[in-house]
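What follows is the residue order along each chain.
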Amino acid sequence: MKSLASPPCLRLTPTTRRHLHPRQPSSACYPHGRIKSNSLSFSSSASGFASTLAVVEKELRSSFVTDAVRHVTGSLMRGEGLRFAIVVARFNEVVTKLLLEGAIETFKKYSVREEDIQVVWVPGSFEIGVVAQRLGKSGNFNAVLCIGAVIRGDTTHYDAVANSAASGVLSAGINSGVPCIFGVLTCEDMDQALNRSGGKAGNKGAETALTALEMASLFEHHLK
Ligand SMILES: Nc1c(NC[C@H](O)[C@H](O)[C@H](O)CO)[nH]c(=O)[nH]c1=O
Ligand SMILES: CC(=O)[C@@H](O)COP(=O)(O)O
């Protein structure tokens, strides 16, 4: 029997660690298998993340061959045939349109057919949850991607909208049993929002589309 005392350890770069384990401390290691450090190269872009994840998945899978424990993850490589709804808020449309573009581009890059993507517009982020739940329950989609941009103003309205959007999307997923992905920006100002919708900090629409793909694949291929 294999000893569990000192599992082989993968030290991850900050970027990959953030994607795989967003809250793990910097000294943490990946406990399930050994990964050659020279097989990993990282980028903070959505496609960089995807290829990093593919390498990690492959290496981890091969390191599990001798393990009796079964591990399952969704795959980014099997987008064809998966169906997605995208609920997008019109409020701060200059931002949400860019997030939507990033999301659709990513779905297409991963072989999701255009006819398998349905976009539903709602007035603001507050309205996303109820619509996501309806779409999830329809049985027509493998995942629902929720896109919005909440930007702080002068009053406490920001907190109400941001928190409601988050708990609305969470409830939609739990109540419908279909993954509902949180692609709602919550920003201090428009600069922060633009930086995250194709600017300096990437495109969160594209990143959350990858999350939707992974979760859709996990449910479709492993959790039925
Ligand atoms: N201020 C923002 C809003 N506010 C609108 C609400 O989402 C909602 O439509 C209204 O209260 C009616 O129910 N929405 C955003 O998406 N982003 C904001 O910054
Ligand atoms: C996040 C918001 O709802 C924002 O537009 C509200 O702005 P304000 O707090 O100045 O009314």
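Quick note: structure is the one above.
A brief structural summary. None of these values were measured; they are calculated from a predicted model.

When helices and strands are counted, the protein shows 7 helices and 6 strands. Overall, the protein shows an N-to-C arrangement of helices and strands of α-α-β-α-β-α-β-α-β-α-β-β-α. At a minimum sequence separation of 6, the contacts of the protein that also span at least 24 residues come to 76%.

Around ligand 1, 13 residues are found, and the nearest of them are F91, G124, S125, F126 and V150. Counting residues per element, the shell around ligand 1 draws most heavily on strand β3 (residues 143-151), at 4 residues. For the shell around ligand 1, the class distribution of residues is 8 nonpolar, 4 polar and 1 charged.

Grouped together as the largest cluster of nonpolar side chains are 51 residues, with contacts concentrated most on F84, V87, V144, L145, C146 and I147. If you list the elements that add at least two residues to this core, you get β1 (84-89), α3 (93-109), α4 (128-137), β3, α5 (157-176), β4 (180-187) and α7 (204-222).

With respect to topology, 4 strands assemble into an open sheet ordered β2-β1-β3-β4, the strand pairing being parallel. Whereas interior strands pair on both sides, the edge strands pair on one side only; in this sheet they are β2 (117-122) and β4. Taken pair by pair, the neighbouring strands of this sheet meet at an average axis angle of 15°, ignoring direction. Here β1 runs beside β3; their pairing, made up of 5 bridges, is parallel. Its bridge partner lying in β3, I86 is registered against L145. This element, α3, spans β1, β2, β3 and β4 of the sheet and lies at about 155° to β3.

Below, the discussion takes up the packing of α4 against α5. Viewed as axis vectors pointing N to C, α4 and α5 meet at an angle of 15°, and their least axial separation amounts to 8 Å. Between α4 and α5, the angle falls in the class roughly parallel. The handedness of the crossing between α4 and α5 is right-handed. Taken together, the residues of α5 that come into contact with α4 (itself represented by I128, G129, V130, A132, Q133, G136 and K137) are A165, G168, V169, S171, A172, G173, N175 and S176. Split into classes, the residues belonging to the contact of α4 with α5 amount to 6 nonpolar, 8 polar and 1 charged.

So, on to the site of ligand 2. Taken together, V150, I151, G153, D154, T155, H157, Y158 and V161 make up all the residues around ligand 2. Put simply, the parts of the chain that give the shell around ligand 2 at least two residues each are β3 and α5. Looking at the shell around ligand 2 element by element, the count peaks at 3 residues for α5. Of the residues that constitute the shell around ligand 2, the class distribution is 4 nonpolar, 3 polar and 1 charged.

Its 20 residues place the ends of α5 28 Å apart at the C-alpha level, agreeing with the 28 Å of an ideal helix rising 1.5 Å per residue. Taken as a whole, α5 has its buried residues at V161, A162, A165, G168, V169, A172 and G173. With its buried residues spanning 130° around the axis, α5 presents them on a single face. Counted as exposed and oriented over 90 degrees from the buried face of α5: D159, A160, S167 and I174. Residues of α5 that are buried in the fold lie against α4, β3 and β4.

Buried residues dominate β1, accounting for 6 of its 6 residues. Across the two faces of β1 the burial is the same, with F84, I86 and V88 and A85, V87 and A89 all buried. Of the pairings in the sheet, the one linking β1 to β2 comprises 6 bridges and is parallel in character. What sits directly across from V87, in β2, is V120. Handedness of the β1-α3-β2 crossover: right-handed.

Turning our attention to the environment of G81. As for its position among the elements, G81 is in the loop between α2 (46-63) and β1. Each C-alpha atom of the pair G81 and V112 lies 6.6 Å from the other, and the pair is 31 residues apart in sequence.

Analysis parameters
- Residues numbered from 1 in each chain as written.
- Chains lettered and ligands numbered in written order.
- Predicted model: local features only at pLDDT ≥ 70, side-chain atom pairs only at ≥ 80, totals over all residues.
- Helix = DSSP H or I, 4+ residues; strand = E, 2+ residues; numbered from the N terminus.
- Contact = placed C-beta atoms within 7 Å.
- Near = placed C-beta within 6 Å.
- Nonpolar A, V, L, I, M, F, W, Y, C, P; charged D, E, K, R; others polar.
- Core = buried A, V, L, I, M, F, W, Y, C linked by C-beta atoms within 7 Å.
- Buried ≥ 20, exposed ≤ 12 C-beta atoms within 10 Å, placed from the backbone.
- Pairing = 2+ DSSP bridges.
- Axes fitted to C-alpha atoms, helices over the stretch in contact; angles between N-to-C directions.
- Parallel < 35°, antiparallel > 145°, perpendicular 65-115°, else oblique.
- Left-handed = near helix turned anticlockwise from the far one by under 90°.
- Expected span 1.5 Å × (residues − 1).
- Arc of directions from axis to C-beta.
- Right-handed = clockwise from strand over helix to strand, strands pointing away.

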